Amino acid sequence: MTTQTEQRQAGRVLWPAFCVLFAVAALLGVWGLAQLSRPADQCPPPASAPCGYTAADVVYFDAQLFLLGAEPLQNGGPFPLPLEFARFLAPLATAYGVAVSVWNLLTDRRHRRTARRARDHAVVIGDDLFAMTLVHRLRAEGVQVVVISAEPDLARAEGLAQSTALVVIGDAWDQAVLRAAGVPRAATVYACLPDSAATAAAVAAVGALAEQEPDRDEPLACYARLADGELALALKARRVGLSSASTFRLDFFTPEELAARTLAARILEPHLGSDDPVPSIAVVGLGPFGRAFVVELARLWRVRAGGPPLPLVLIDTNASSQLSEIRQRYRPVDAHCAPRARDEPAQSVDLATIPWEIPIPVTVGTPAIPDIRHLVLCDQDEDAALRRGLNMVRGAAGTGQTVTVCVGQRTALGDLLNPHLLDPGPGEVRMFAVMSEAAEPSELHNDTLTALARAIHGQYLVDEQEKGATVGDTDSMQPWETLRADLRAANQSQAEGIGTKLNAVNAVVIPMTLPTTDFAFTAAETDMLARFEHERWCAERRRGGWTFAPVRDDSRKQHNLLRDWTDLSPDQRAKATATVHRLPSLLADHGLQILRLH
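Below is a short write-up of the structure. Note that the structure is predicted; figures quoted are calculated from it, not measured. (Residues numbered from 1 in each chain as written. Predicted model: local features only at pLDDT ≥ 70, side-chain atom pairs only at ≥ 80, totals over all residues. Heavy atoms only, no water.)

Details of the state of the cysteines
Chemically, a disulfide is nothing more than a covalent bond linking the sulfur atoms of two cysteines.
Okay, so step 1: Taken as a whole and judged by the stated rule, the model has 0 disulfides.
Okay, so step 2: Counting only cysteine sulfurs, Cys378 is the nearest neighbor of Cys406, a cysteine outside any disulfide, at a range of 4.3 Å.
Okay, so step 3: Judged by its relative accessible area of 4%, Cys406 is buried. (Disulfide = S-S within 2.5 Å. Buried < 20%, exposed > 50% of the residue type's maximum accessible area, 1.4 Å probe, protein only.)

Spelled out as structure tokens, the structure:
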């Protein structure tokens, strides 16, 4: 299939060739007609045959050459040599132009038909840097992509065609445009418009189309970009609390949230082992990205079992009040970190005066172990932050210090910080492009329900280790990344059932706000929901082909708990009961809480 990229590349050759051919034919025609034109007294008999032409006549007859009807050619030759060439080149240019136009028209119609009939593809709504980076990465993974762009500008359209095979021009909230992009048969839709209102309109239209396709094998997944983190969290809460099955799987995100998760993993993963040194991290600037980064650091650090709290220094004009709010809204920050606040403008604080204060034990007779420091400059002017970071590492010769300058998008300055181009110096300076790092399909797919499912599995690993099991011993005792697909689906199903459970007790999920709701299930509610959870688990297992047996045998898909709730012993009921008890804390770790409706 000819792609739009190939079509435009061909167009760069075909249309200039037409223009050259047209110009040559026209110039030769003017030249030849000028030679054919003579004064009336020099015209051969019969005198009625005109051969003296004005300039207007020459231009008119020259245009007629392209339509095979030039008057001076009706009486036959011989003709001047330029006119001989022109009378053949001109019709050729006409035929060539018509052929190119028809080819472009047919190719465009074929692309529209291909987009409309595409299946299991990805639809990206938007054409800014974030959207185009996402398109490039999807294409690199071999995913067929259709882009919906409201930009009819030819230069922008050409840029789109260089990124993807199929482009649909129009408003993303127009269902006709969505159908032209094949949304009803798509596997995933990424709504990446920078305006939250436009994103909401597009998502509503996509959801309406999804509901018209009830026979889908898998729900249509839609990931919607929002500019406001608080709004994204509030909408996530409503999505988690959905109590009915849907043909539309929706989640909301901000680029700052996704990029913060990536940067936190990049910094902390080398330090998550029990014997790894503990880093100290200073975050300068608590804007949307800085706040999200602090929360993601805390969530990741809790993976280090039995480790000390993570030392954090937070610097901004109102850092103390922001830290207080973060600690109350996100429990992992208070439970797994040792944060300190410094109320000073992030743009002007003296970076050399940051109080790192991390104790490093040193054995007598051995050289001192350097501190491991990470200075992260967030939400600041790129040039100024880079200059401050470079100056900061000059005085850090005795420490293993890394300065990360977070900017909106990748720039040429970041490419300069290459050890092959510049001396790395005593410390390391890195550029972190928030928008580019956030546009990662795998991170987008790690949506709210998936994050809850991962947390559920993580708690299972902790519980089983307390009983003497070891991670990696069985298929179910695997980290999430290597967990079998059906076991992942089981955790996912449990997360998706949260809304149904809460609906049964007349409660909803809301963002963690102050004051908190301090929600707790009553004894009767706990018993009822534990029974619901057991019945949900039994139904999910039976759909997977599991049967009851007195002794559990995973290889034969036999389980000793696949029986009625009333037949279970108190010890056997304990797992389902614990699942209900932990639900408020599970949601609290993700900035959510339960509100009882009266």
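Quick notes on the pattern of salt bridges
Okay, so step 1: Counting across every chain of the model gives 25 salt bridges.
Okay, so step 2: With its nearest N and O atoms 3.6 Å apart, the salt bridge here joins Arg331 to Asp589. Of this pair, Arg331 sits in helix 12 (residues 331–336) while Asp589 sits in the loop between helix 22 (583–588) and strand 16 (592–596); the two residues are 258 residues apart in sequence, bridging distant segments of the chain.
Okay, so step 3: Residue classification places Asp589 among the buried residues on the basis of a relative accessible area of 18%.
Okay, so step 4: A network of salt bridges, in which partner residues are shared, links Glu230, Arg291, Glu325 and Arg329. (Salt bridge = Lys/Arg side-chain N within 4 Å of Asp/Glu carboxyl O. Helix = DSSP H or I, 4+ residues; strand = E, 2+ residues; numbered from the N terminus.)

Here's the deal with the sheet that holds strand 4 (residues 188–191)
Okay, so step 1: Sheet architecture is open: 6 strands sit in the order 3-2-1-4-5-6, paired in parallel fashion. Every interior strand has two partners, whereas the edge strands, strand 3 (166–169) and strand 6 (248–253), have only one. Each adjacent strand pair in this sheet contributes to an overall mean axis angle of 15 degrees, direction not counted.
Okay, so step 2: Of the strand pairs in this sheet, strand 5 (residues 220–225) and strand 6 are connected by 6 bridges, and their pairing is parallel. Opposite Leu220, over in strand 6, you have Phe248 as the bridge partner. (Pairing = 2+ DSSP bridges. Axes fitted to C-alpha atoms, helices over the stretch in contact; angles between N-to-C directions.)

Things to note about unusual backbone geometry
Okay, so step 1: Backbone geometry places Asp518, a non-glycine residue, at a positive phi of 50 degrees.
Okay, so step 2: Residue position: Asp518 is located in the loop between strand 13 (507–511) and helix 20 (523–543).
Okay, so step 3: Look at Lys557: it is not a glycine, yet its phi comes out positive at around 55 degrees.
Okay, so step 4: Structurally, Lys557 is set in the loop between strand 14 (547–548) and strand 15 (558–559).
Okay, so step 5: For Lys557, a relative accessible area of 36% translates into the label partly exposed.

Quick look at the nonpolar core
Okay, so step 1: One finds Val124, Tyr190, Ile281, Phe289, Phe293, Phe521 and Leu587 to be the most contacted residues of the largest nonpolar core, which totals 88 residues.
Okay, so step 2: Among the elements that make up this core, the one with the highest residue count is helix 10 (residues 288–301) (8 residues).
Okay, so step 3: Apart from the residues within four sequence positions on either side, Tyr190 is in contact with Ala122, Val123, Val124, Ile125, Leu134, Leu138, Tyr223, Pro441, Leu444 and His445. (Core = buried A, V, L, I, M, F, W, Y, C linked by side-chain atoms within 4.5 Å. Contact = heavy atoms within 4.5 Å.)

A closer look at helix 7 (residues 196–211)
Okay, so step 1: Helix length check: helix 7 (16 residues) gives 22 Å between terminal C-alpha atoms against 22 Å at 1.5 Å per residue, within 8%.
Okay, so step 2: If you check which residues of helix 7 are buried, you get Ser196, Ala198, Thr199, Ala202, Val203, Ala205, Val206, Gly207, Leu209 and Ala210.
Okay, so step 3: The backbone nitrogen of Ala197 has a side-chain oxygen 3.3 Å away, supplied by the residue at the start of helix 7, namely Asp195. (Expected span 1.5 Å × (residues − 1). Polar contact = N/O pair within 3.5 Å; in protein donor to acceptor, adjacent residues only side chain to side chain.)

Some points on the packing of helix 20 against helix 21 (residues 570–581)
Any two packed helices are characterised by how steeply their axes cross, that is the angle between the axes, and by the distance between the axes.
Okay, so step 1: Axis separation between helix 20 and helix 21 bottoms out at 8 Å; the angle between their running directions is 115 degrees. Helix 20 and helix 21 meet at a crossing whose hand is right-handed. Along its contact with helix 20, which presents Thr526, Leu529, Ala530, Glu533 and His534, the element helix 21 presents Ala576, Thr577, Thr579, Val580 and His581.
Okay, so step 2: Split by residue class, the contact of helix 20 with helix 21 holds 4 nonpolar, 5 polar and 1 charged. (Left-handed = near helix turned anticlockwise from the far one by under 90°. Nonpolar A, V, L, I, M, F, W, Y, C, P; charged D, E, K, R; others polar.)

A closer look at the pairing of strand 8 (residues 310–316)
Okay, so step 1: With respect to burial, strand 8 is a largely interior element, 7 of its 7 residues being buried.
Okay, so step 2: In strand 8, alternate side chains face the same way, and those of Leu310, Leu312, Leu314 and Asp316 on one face and Pro311, Val313 and Ile315 on the other are all buried.
Okay, so step 3: Of the pairings in the sheet, the one linking strand 7 (residues 280–284) to strand 8 comprises 4 bridges and is parallel in character. Bridging from a neighbouring strand, Ile281 pairs with Leu312 of strand 8.
Okay, so step 4: Examined bridge by bridge, strand 8 and strand 9 (residues 337–343) share 7 bridges and lie parallel to one another. Bridge pairing links Ile315 to Arg342 in strand 9.

Observations concerning the side chain of Lys501
Okay, so step 1: Within the secondary structure, Lys501 is located in helix 19 (residues 498–504).
Okay, so step 2: Within the structure, Lys501 has its side chain in polar contact with the side chain of Glu533 (distance 2.7 Å).
Okay, so step 3: The residues contacting Lys501, other than those within four sequence positions of it, are Gln494, Leu529, Glu533 and Arg536.

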